[in-house]
Amino acid sequence: MKKKLYIQTYGCQMNQYDSERIGQVMSRAGYVQTNRIDAADLILLNTCSVRDKAEQKVYSMLGSWKQFKDYSEGVIMGVGGCVAQQEGEKLLKRVPHLDLVFGTHNIHKLPQMVEQVRTSRARPVEISFYRAPSYMEDPDGRTQVHGVKAFVTIMQGCNKVCSFCIVPHVRGREVSRSSANIIAEIESLVARGVIEVMLLGQNVNSYGKLTAGEPSFAELLGRVDSIEGLKRIRFTTSHPQDLSPELTEAFATLDNLCEHLHLPVQSGADAVLSRMRRGYTRREYLARIERLRDRCPQVALSTDIIVGFPGETEAEFESTLELLQQVEYDEIFSFMYSPRPQTVSAKIYDDDILEDIKKDRLTRVQTLQREISLKKNRQRIGEMEEILVDGPSKLKNGQVRGRTRNNRIVNIMGPESLVDQLVPVRITGATANSLLGEVLWDKCNFNSQLEGDTA
Ligand code: SAM
């Protein structure tokens with residue numbers, strides 16, 4: 001009988017992709033995935049350490065998992081991802097029931113590490129970084145495909161020096177995969193029914209810059225766009241400093257590139273941006289957005305905001321609120337600053353903004369953004385959109401939900417057989433978080449029999 005693997009994933013899409021790879025690597029070692037932790041022979045936690053809260057969650061989760069080791073002999077428990085990379089051996093000391101620790105570059109070593117634990121009760125730790133991109137490749141290629149959407153890593157690591165950010169310390173320096181391998185992977189995904197890819201990297205905009213003979217990110221997008229059968233291309237994350245004119249142009253010219261850009265600004269105040277070492281001013285950031293909106297007026301924008309960065313005055317914080325009003329993002333992700341180990345800001349600044357002030361600023365940012373999102377969503381009412389349906393709605397039985405090209409969630413009444421289909425809809429309602437729509441059955445180009453399934 002095959003052994004069972006349970007994986008719990010925290011954090012970003014990169015971590016979700018890594019968990020898929022873990023599943024794939026371990027399937028070759030004879031494991032099948034299970035949703036039941038109590039039935040698993042191998043239990044893995046894939047972690048995130050971008051913010052302190054995420055890291056603390058790891059320790060409480062590992063504590064609560066001790067019972068599974070106690071009840072069932074031979075269960076192996078491991079930790080991967082950014083906390084594993086950051087803590088290494090320390091994790092083993094702090095969590096005595098843990099068997100192995102594998103860093104962000106070491107997924108390919110997992111089968112060997114599990115075997116070591118099984119045969120010799122060793123407690124291996126693998127947290128080396130590699131400069132050659134081969135650590136991101138699977139010798140057998142991508143063997144697992146789930147549905148019609150897929151993540152594809154194009155690069156890892158980051159060479160930026162943002163003072164708050166732990167990513168370069170836990171993901172390493174920038175390494176780009178070969179464009180030939182990326183294209184081959186996407187072609188093989190498309191051949192197996194994938195119609196939407198999300199290209200992943202910590203700073204995708206600087207893809208290829210350090211690798212002789214590789215295209216720029218904008219050129220890579222052009223090559224991906226010409227893959228027959230692929231309908232939608234998304235990517236994340238972009239650093240504003242590297243949003244090149246060519247990339248802006250790609251939004252205007254590439255048919256399959258979805259009109260949505262996530263461009264983390266972090267703060268609206270120049271002094272804070274400078275302390276964050278972001279490498280751009282508010283004016284430069286706004287100029288890039290203006291150029292993008294000029295070339296692609298329908299583009300939706302989202303961003304990340306940090307409140308309570310060391311020394312952030314009320315006036316500086318208000319500059320961020322003003323920026324939100326000025327840009328009118330479609331969506332934001334907002335966080336209270338937390339000092340991270342090894343980062344410059346943790347070394348040179350006191351975390352001097354009181355927790356209550358951080359919380360208050362977070363609430364104010366989120367309240368303002370809710371108003372903006374609601375206003376922008378209401379403007380969509382009456383419009384026609386195409387959504388890619390990805391599953392049941394979280395709101396109501398009988399509804400399914402999907403995303404528009406510019407990344408808005410739309411809930412529609414419809415059968416589950418619409419899942420994985422591109423569906424034309426008319427927008428009929430809006431909240432701050434999502435839209436409501438109705439299917440335009442006469443415009444559907446798939447089996448109209450599905451219509452009969454609707455109640
Ligand atoms: N590459 C992205 C960028 O351009 O900054 C960083 C992605 S990071 C994984 C996601 C977000 O977490 C960041 O954009 C930032 O808003 C937030 N973040 C990172 N470090 C943080 C910290 N020390 N405290 C609070 N939020 C943080």
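The structure this text deals with has already been given above.
Right, let's walk through the structure included here. Just so it is clear, the structure is predicted and the values come from calculations on it, not from any experiment.

## A word on the overall build of the chain
For the chain, the count of helices and strands is 16 helices and 19 strands. Projected onto the principal axes, the alpha-carbon positions of the chain cover approximately 65 × 60 × 50 Å. Sorting the 455 residues of the chain into buried and exposed places 55% on the buried side. Partitioning the intrachain contacts of the chain with sequence separation of at least 6 by distance along the chain shows that 71% fall at a separation of at least 24. Positive and negative charge centroids in the chain, built from 59 and 59 side chains respectively, lie 3 Å apart.

## Focus on the sheet that holds strand S13 (residues 300-307)
On the basis of which strands lie adjacent, the open sheet formed by three strands has the order S12-S13-S14 and parallel pairing. Two strands bound the open sheet, and with one partner strand each, they are strand S12 (260-262) and strand S14 (331-336). Strand-to-strand twist across the sheet, computed as the mean angle between neighbouring axes with direction ignored, equals 15 degrees. Pairing analysis gives six bridges linking S13 to S14, with the strands arranged parallel. Note that in S14 the partner of Val307 across the bridge is Met336.

## Here we look at the pattern of salt bridges
A side chain of one charge can pair with a side chain of the opposite charge if their charged atoms are brought near each other. Counted by the stated rule, this structure contains 35 salt bridges. In this structure, Arg361 and Glu314 form a salt bridge, with 3.7 Å as the shortest nitrogen-oxygen distance. Of the two residues, Arg361 sits in helix H15 (residues 355-378) while Glu314 sits in helix H13 (residues 314-327), which places them 47 residues apart along the sequence.

## Details of the nonpolar core
The biggest cluster of nonpolar side chains holds 53 residues, and the ones touching the most others in it are Ile186, Val197, Leu199, Phe217, Leu221, Phe235 and Tyr329. Contact partners of Leu199, with chain neighbours within four places excluded, come to Val152, Ile154, Ile186, Val204, Phe217, Leu221, Ile233, Arg234, Phe235 and Thr236. Core analysis: the next-biggest nonpolar cluster, separate from the first, contains 24 residues, Tyr6, Ala40, Trp65 and Val101 among them.

## What about the site of the ligand?
If you check the shell around the ligand, you find 15 residues, and the closest are Arg51, Gln266, Arg278, Asp304 and Ser338. With respect to the ligand, the side chain of Arg278 contributes an N or O atom lying 2.9 Å from an oxygen atom. Here Asp304 contributes a side-chain N or O atom positioned 2.6 Å from an oxygen atom of the ligand. Burial of the ligand by the protein amounts to 91% of the accessible area it has alone, namely 570 Å². Of the residues assigned to the shell around the ligand, the class counts are seven nonpolar, four polar and four charged.

## Quick notes on helix H6 (residues 110-120)
By the burial criterion, the buried members of H6 are Leu110, Met113, Val114 and Val117. Seen end-on, H6 carries its buried residues on one side only, within an arc spanning 100 degrees. If you follow the buried residues of H6, they end up packed against helix H1 (13-28), strand S2 (31-33), strand S3 (42-47), strand S4 (76-80), strand S5 (100-102) and strand S6 (125-126). Where H6 ends, the next residue or the one after it, Arg121, has phi of about 55 degrees, a positive value.

## Side note on the sheet that holds strand S7 (residues 149-153)
The sheet built from three strands is open, its strands ordered S7-S10-S11 with parallel pairing. Only two strands of the sheet have a single partner each, and these edge strands are S7 and strand S11 (232-236). With direction set aside, neighbouring strand axes in the sheet form an average angle of 20 degrees. Bridge count for strand S10 (residues 196-200) against S11 is five bridges, and the pairing is parallel. Looking across to S11, one finds that Met198 is bridged to Arg234.

## A look at the state of the cysteines
Under the criterion given, the structure shown has zero disulfides. Summary of cysteine pairing: Cys12 is not part of a disulfide, and the nearest cysteine sulfur, belonging to Cys48, is at 6.1 Å.

## What about the pairing of strand S18 (residues 422-430)?
Here five bridges tie strand S15 (residues 384-392) to S18, and the two strands are oriented antiparallel to one another. If you follow Met384 over to S18, its bridge partner there is Arg426. One ladder, built from five bridges, connects S18 with strand S19 (residues 435-439); its direction is antiparallel. Opposite Arg426, over in S19, you have Glu438 as the bridge partner.

## Examining unusual backbone geometry
The residue after Thr236, namely Thr237, is reached through a cis peptide bond having omega 5 degrees. For Arg277, which is not glycine, the phi torsion reads 60 degrees and is therefore positive. Here Arg277 lies in the loop between helix H11 (270-276) and helix H12 (282-295). Residue Arg277 is classed as partly exposed on the basis of its relative accessible area of 41%. Its identity as a non-glycine residue notwithstanding, Asn407 has a phi of 75 degrees, on the positive side. As for its placement among the helices and strands, Asn407 is situated in the loop between strand S16 (399-403) and strand S17 (409-413).

## Section: the pairing of S13
Counting buried positions along S13 yields eight of eight residues, so the element is predominantly enclosed. Here S13 shows no split at all, with Ala300, Ser302, Asp304 and Ile306 on one side and Leu301, Thr303, Ile305 and Val307 on the other all buried. Bridge count for S12 against S13 is three bridges, and the pairing is parallel. Across the sheet, His260 pairs through a bridge with Ala300, a residue of S13.

## Some thoughts on the packing of helix H8 (residues 179-191) against helix H9 (residues 217-225)
Two packed helices can be described by the angle between their axes and the distance between those axes. Relative orientation of the contacting elements H8 and H9 amounts to 30 degrees, with a least axis distance of 10 Å. The orientation of H8 with respect to H9, classified from their angle, is roughly parallel. For the pair H8 and H9, the crossing hand works out as right-handed. Residue-level inspection shows Ser179, Ile182, Ile183 and Ile186 of H8 in contact with H9, the latter providing Leu220, Arg223 and Val224.

Conventions used here
Residues numbered from 1 in each chain as written. Predicted model: local features only at pLDDT ≥ 70, side-chain atom pairs only at ≥ 80, totals over all residues. Heavy atoms only, no water. Helix = DSSP H or I, 4+ residues; strand = E, 2+ residues; numbered from the N terminus. Buried < 20%, exposed > 50% of the residue type's maximum accessible area, 1.4 Å probe, protein only. Contact = heavy atoms within 4.5 Å. Lys, Arg positive; Asp, Glu negative; His and termini not counted. Charge placed at Lys NZ, Arg CZ, Asp CG, Glu CD. Pairing = 2+ DSSP bridges. Axes fitted to C-alpha atoms, helices over the stretch in contact; angles between N-to-C directions. Salt bridge = Lys/Arg side-chain N within 4 Å of Asp/Glu carboxyl O. Core = buried A, V, L, I, M, F, W, Y, C linked by side-chain atoms within 4.5 Å. Near = heavy atom within 4 Å. Polar contact = N/O pair within 3.5 Å; in protein donor to acceptor, adjacent residues only side chain to side chain. Areas by Shrake-Rupley, 256 points an atom, 1.4 Å probe, with all protein chains shown as cover. Nonpolar A, V, L, I, M, F, W, Y, C, P; charged D, E, K, R; others polar. Arc of directions from axis to C-beta. Disulfide = S-S within 2.5 Å. Parallel < 35°, antiparallel > 145°, perpendicular 65-115°, else oblique. Left-handed = near helix turned anticlockwise from the far one by under 90°.

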